[in-house]
Amino acid sequence: MATERTFSIIKPDATERNLTGAVNAVIEKAGLRIVAQKRILMNRREAETFYAVHKERPFFGELVDFMISAPVVVQVLEGDNAVVKYREIMGATNPESAAEGTIRKLYAKSIGENSVHGSDSQENAKLEIAQFFSGNEIVG
């Protein structure tokens, strides 16, 4: 197995309910290490840049508004096959379809307020990490 890094966001619906520690516990119990973490209030430009891939989709504006509505926690996670492992830990986008014990099954409110984001590939993880962290902020 290859040790790699992935990017995570604990979204506004989770931070507003003080679930950062609970989400972190699930992440760490699954064997991933949190090597960088900070709580930020994402601005509109950051959110639009981050979700640019969805710009033409009907939910883009609502997604951006949601992501800037309250603080988020951005993270760099590290471990064996971190991208795939974190996607498994997050669970399906729809919390009703998510497997028992996954973050979304435990904490998500809906498809839109699904508590966490995780990179979908190593390439995207590198881009997403670089958007929010400089190299000296990541301490493994």
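Residues numbered from 1 in each chain as written. Predicted model: local features only at pLDDT ≥ 70, side-chain atom pairs only at ≥ 80, totals over all residues. Heavy atoms only, no water.

Draft legend 1. Examining the sheet that holds strand E2 (residues 33-40) more closely. Reading across the sheet, the four strands line up as E2-E3-E1-E4 and stay open at both edges, with antiparallel pairing between neighbours. At either end of the open sheet lies a strand with only one pairing partner, and these are E2 and strand E4 (116-118). Across the sheet, the axes of successive neighbouring strands diverge by a mean angle of 20°, strand direction being ignored. Two strands pair when backbone bridges link them, and E2 and strand E3 (residues 72-80) are joined in this way by seven bridges, in the antiparallel orientation. Residue pairing in the sheet places Arg39 in a bridge with Val73 of E3. (Pairing = 2+ DSSP bridges. Helix = DSSP H or I, 4+ residues; strand = E, 2+ residues; numbered from the N terminus. Axes fitted to C-alpha atoms, helices over the stretch in contact; angles between N-to-C directions.)

Draft legend 2. Main features of the nonpolar core. Counting 21 residues, the largest nonpolar core has Phe7, Ile9, Met67, Val74, Phe132 and Phe133 as its most contacted members. Among the secondary structure elements, those contributing two or more residues to this core are strand E1 (3-10), E2, helix H3 (44-50), helix H4 (60-67), E3 and helix H7 (122-132). The biggest single contributor to this core is H4, with five residues. Sequence-distant contacts of Phe7, defined by excluding residues within four places in its chain, comprise Phe50, Val74, Gln75, Tyr86, His117, Gly118, Ser119, Ala125, Glu128, Ile129, Phe132 and Phe133. (Core = buried A, V, L, I, M, F, W, Y, C linked by side-chain atoms within 4.5 Å. Buried < 20%, exposed > 50% of the residue type's maximum accessible area, 1.4 Å probe, protein only. Contact = heavy atoms within 4.5 Å.)

Draft legend 3. How the structure looks around the side chain of Glu46. Mapped onto the fold, Glu46 is located in helix H3. Ignoring sequence-local partners within four residues, the contact set of Glu46 consists of Leu41, Gln131 and Phe132.

Draft legend 4. Representation of the side chain of Glu4 in the model. For Glu4, the location among the structural elements is in strand E1. Put simply, Glu4 is tucked away with no salt bridge, and the nearest opposite charge, on Lys126, sits 8.1 Å away. A distance of 3.1 Å separates the side chain of Glu4 from the backbone nitrogen of Ala82, its partner in a polar contact. Once residues within four sequence positions are removed from consideration, Glu4 is found in contact with Leu77, Glu78, Gly79, Asn81, Ala82, Val83, Val84 and Gln122. (Lys, Arg positive; Asp, Glu negative; His and termini not counted. Salt bridge = Lys/Arg side-chain N within 4 Å of Asp/Glu carboxyl O. Polar contact = N/O pair within 3.5 Å; in protein donor to acceptor, adjacent residues only side chain to side chain.)

Draft legend 5. Layout of the UniProt feature "domain: Nucleoside diphosphate kinase-like" (unreviewed entry) in the protein chain. UniProt records the feature "domain: Nucleoside diphosphate kinase-like" (unreviewed entry) at residues 3-140, using the numbering of this structure. Segment residues 3-140 splits into 39% helix and 20% strand. End C-alpha atoms: 11 Å apart. (UniProt positions renumbered as here; feature names shortened; annotations may be inferred.)

Draft legend 6. Spatial organisation of the UniProt feature "active site" (unreviewed entry) in the protein chain. Following the UniProt record, one finds the feature "active site" (unreviewed entry) at His117. When you line up the elements, His117 lands in strand E4. Judged by relative accessible area, which is 13%, His117 ranks as buried. Excluding residues that lie within four positions of it along the chain, His117 makes contacts with Phe7, Ser8, Ile9, Lys11, Phe50, Tyr51, Tyr86, Met90, Arg104 and Glu128.

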